[in-house]
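# Inside the fold
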Amino acid sequence: MARATTSFTCNECGAVHSKWSGQCDACGAWNSIVEEKPLSAAPASKGALGAQRGRAITLTDLSTREAPLPRTQSGLGELDRVLGGGLVPASAILVGGDPGIGKSTLLLQAAGHFASRGLKTFYISGEEAAAQVRMRAERLGLSQAPVQLASETVLRDILTTLDAERPDLVIVDSIQTMWSDSVDSAPGSVSQVRAAAHELTAFAKRRGSAVILVGHVTKEGQIAGPRVVEHMVDTVLYFEGERGHQFRILRAVKNRFGPADEIGVFEMTGSGLSEVANPSALFLSDRGTPAPGSAVFAGIEGTRPVLVEFQALVAPSPHSQPRRSVVGWDGGRLAMILAVLESRCGIPFAGLDVYLNVAGGLKIGEPAADLAVAAALLSAREDTALPAECVVFGEISLSGALRPVTQTENRLKEAAKLGFSSAIAPAGGKPGGESGLKVTRMTDLTTFVGEIFGAG
Ligand code: TYD
Ligand code: MG
């Protein structure tokens, strides 16, 4: 059988097809499939790899000791932590996020900081003119930082320059604007993004420079998302936040040089992003006397405990199909907790609109938040505030049992540090020891309902 030399890729979702068609059957988009040539020719195959010999590769064992990675810290503590303790040479990092969220601002600040620490830093902007970047730098108070600036989109020219200059750090803003002349499609298409990311990552490995790529994600999938790049790079960071809030979260989704799921918290100010070293205080900042529908969750984000407030509103619904609206948490998980409350505790939510919100614009993914969600929902429904100065955490199983969660001690310590005096936690798991909090341990949701809200 003849070996396929070209493939057909959907520009919208990146699905690969064996032949062209008008509609992508993976995502349903029309006219999005383009022909793609392979990056390099396949080996001239007669049988297997043919008669041509490769060179012998060196094998080592696992016990060989490696020197610790030489990391450079930027001095922006939140960024350094998300990177796993600093920037590693020869690493490729992707920073993704919605347009306008603050990626360019963050990376220009990072560039300024790394450059002041002695790294030879290049900032290549494919989106803004050099003058625009300079204006922003001035606003950020970085105009004196020794960053080399260029406004360019032609990948070949960029790589030639970088090869000659040998920088320590290159920031490319953004990968969607880069254009490689070896690929026959428009900038921003999947093939261009993939080719550019491949070339730049290869450059990082070859020359030992750290390369940071900026990638836009659009909900509509208009431009090829950086998803196709994720597996090529060492580290994937997402910069997220609600547009209306000033808080921005930098989250490590993948990190070959540090823990994933680590977050860094920033605040967008008139003069750029400033670090938020104590996010719990910030997320709880506007708490007054406890109101019905509010529950404080002692969570863990990466290696750090973070306290956040869940807010719920439950009201009779004028519609036949009551609304379920969630911000900052998973809608499917909310439906599950409502179902458990209904069938295990006999508390119906039928005919009631339910709104759930995480204060401050943080997105919570931990199942340990289940109990805090249930507490907020019940508190809103019964119109009764939870005990003051109390944090809640625990995973709820479908049977209505409370399951122990990890890092109980750290959660309790953080709560004690922020002035909380009691906690409700699942039974079992490690004892919370010397935090000083009064901890009430419970085995199931029915007990919780009985103890906090009187007989369910
Ligand atoms: P930007 O970094 O351009 O976003 P991205 O590169 O992700 O598209 O930032 C865009 C927003 O940030 C813009 O709406 C203005 C705001 N901003 C501030 O509030 N303060 C500042 O100091 C700067 C530079 C930007
Ligand atoms: Mg930008």
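For the structure itself, consult the block above.
Residues numbered from 1 in each chain as written. Chains lettered and ligands numbered in written order. Predicted model: local features only at pLDDT ≥ 70, side-chain atom pairs only at ≥ 80, totals over all residues. Heavy atoms only, no water.

### Let's talk about the overall build of the chain
A count of helices and strands for the chain gives 10 helices and 21 strands. Along the first, second and third principal axes, the C-alpha atoms of the chain reach 80 × 55 × 50 Å. The buried share of the chain, reckoned over its 456 residues, is 47%. For the chain, long-range pairs separated by at least 24 residues make up 66% of all intrachain contacts whose partners lie at least 6 apart in sequence. Here the chain contributes 43 positive and 47 negative side-chain charges, whose respective centroids are spaced 5 Å apart. (Helix = DSSP H or I, 4+ residues; strand = E, 2+ residues; numbered from the N terminus. Buried < 20%, exposed > 50% of the residue type's maximum accessible area, 1.4 Å probe, protein only. Contact = heavy atoms within 4.5 Å. Lys, Arg positive; Asp, Glu negative; His and termini not counted. Charge placed at Lys NZ, Arg CZ, Asp CG, Glu CD.)

### A look at the sheet that holds strand β3 (residues 33-36)
As summarised here, the arrangement of the 3 strands in space is β2-β1-β3, forming an open sheet in which the pairing is antiparallel. Here the strands that pair on one side only, and so sit at the sheet edges, are β2 (16-17) and β3. The pairing of strand β1 (residues 7-10) with β3 spans 4 bridges and is antiparallel. Note that in β3 the partner of Cys 10 across the bridge is Ile 33. (Pairing = 2+ DSSP bridges.)

### Considering the packing of aromatic side chains
Under the definition given, this model contains 4 aromatic pairs. Aromatic pair Phe 448 and Phe 453: ring centres 6.4 Å apart, planes at 75°, arrangement edge-to-face. No difference in accessibility class separates Phe 448 from Phe 453, as the two residues are buried. Taken together, the aromatic side chains of Phe 297, Phe 310 and Trp 329 make up a single cluster linked through ring pairs. Across from the ring centre of Phe 349, 5.6 Å away, lies the NZ or CZ of Arg 381, which sits over that ring. In this structure, Arg 411 is placed above the aromatic ring of Phe 393, and the distance from its NZ or CZ to the ring centre is 5.5 Å. (Phe/Tyr/Trp six-rings, centres within 6.5 Å; stacked < 30°, edge-to-face > 60°. Lys NZ or Arg CZ within 6 Å of the ring centre and 35° of its normal.)

### A short note on the environment of Trp 179
Here Trp 179 shows up in the loop between β7 (169-173) and α5 (190-207). For the pair Trp 179 and Ser 189, spaced 10 residues apart in sequence, the C-alpha separation works out to 9.8 Å. Beyond its immediate stretch of four places on either side in the chain, Trp 179 contacts Thr 153, Val 154, Leu 155, Ser 185, Pro 187 and Gln 192.

### Here we look at the site of ligand 1
Ligand 1 sits among 16 residues. The nearest are Gly 100, Lys 103, Ser 104, Thr 105 and Gly 272. The backbone of Gly 102 places a nitrogen or oxygen atom 3.0 Å from an oxygen atom of ligand 1. When ligand 1 sits alone it has 560 Å² of accessible area, and the protein chains cover 74% of it. Where the shell around ligand 1 is concerned, the elements lending two or more residues are α2 (103-116), α3 (130-139) and β11 (263-269). With 3 residues, α2 is the single largest residue contributor to the shell around ligand 1. A per-class count over the shell around ligand 1 returns 4 nonpolar, 8 polar and 4 charged. (Near = heavy atom within 4 Å. Polar contact = N/O pair within 3.5 Å; in protein donor to acceptor, adjacent residues only side chain to side chain. Areas by Shrake-Rupley, 256 points an atom, 1.4 Å probe, with all protein chains shown as cover. Nonpolar A, V, L, I, M, F, W, Y, C, P; charged D, E, K, R; others polar.)

### As for the sheet that holds strand β13 (residues 294-301)
With mixed pairing, the 7 strands of this open sheet are ordered in space as β15-β16-β14-β13-β17-β20-β21. Bordering the open sheet on either side are β15 (324-327) and β21 (438-442), each of which pairs with just one other strand. On average, adjacent strands in this sheet sit at an angle of 25° to one another, irrespective of strand direction. Bridging between β13 and strand β17 (residues 390-392) involves 2 bridges; their strand directions are parallel. Residue pairing in the sheet places Val 296 in a bridge with Val 391 of β17. Strands in contact with helix α10 (residues 445-453) are β20 (422-426) and β21; relative to β21, the strand with the most contacts, it is inclined by about 135°. (Axes fitted to C-alpha atoms, helices over the stretch in contact; angles between N-to-C directions.)

### Topic: the nonpolar core
If you look at the biggest cluster of nonpolar residues, it comprises 65 residues, and the most contacted ones within it are Phe 310 and Leu 377. Sorting elements by how many residues they give to this core places helix α8 (residues 370-382) first, with 9 residues. The residues contacting Leu 377, other than those within four sequence positions of it, are Ala 312, Val 314, Leu 334, Ile 337, Leu 338, Leu 341, Phe 349 and Val 354. (Core = buried A, V, L, I, M, F, W, Y, C linked by side-chain atoms within 4.5 Å.)

### Things to note about the environment of Ala 425
Mapped onto the elements of the fold, Ala 425 is located in strand β20. Sequence-wise, Ala 425 and Ile 175 are 250 residues apart; in three dimensions their C-alpha atoms are separated by 45 Å. Every residue in contact with Ala 425, bar those within four places of it in the chain, is listed here: Phe 393, Val 439, Thr 440, Arg 441 and Met 442.

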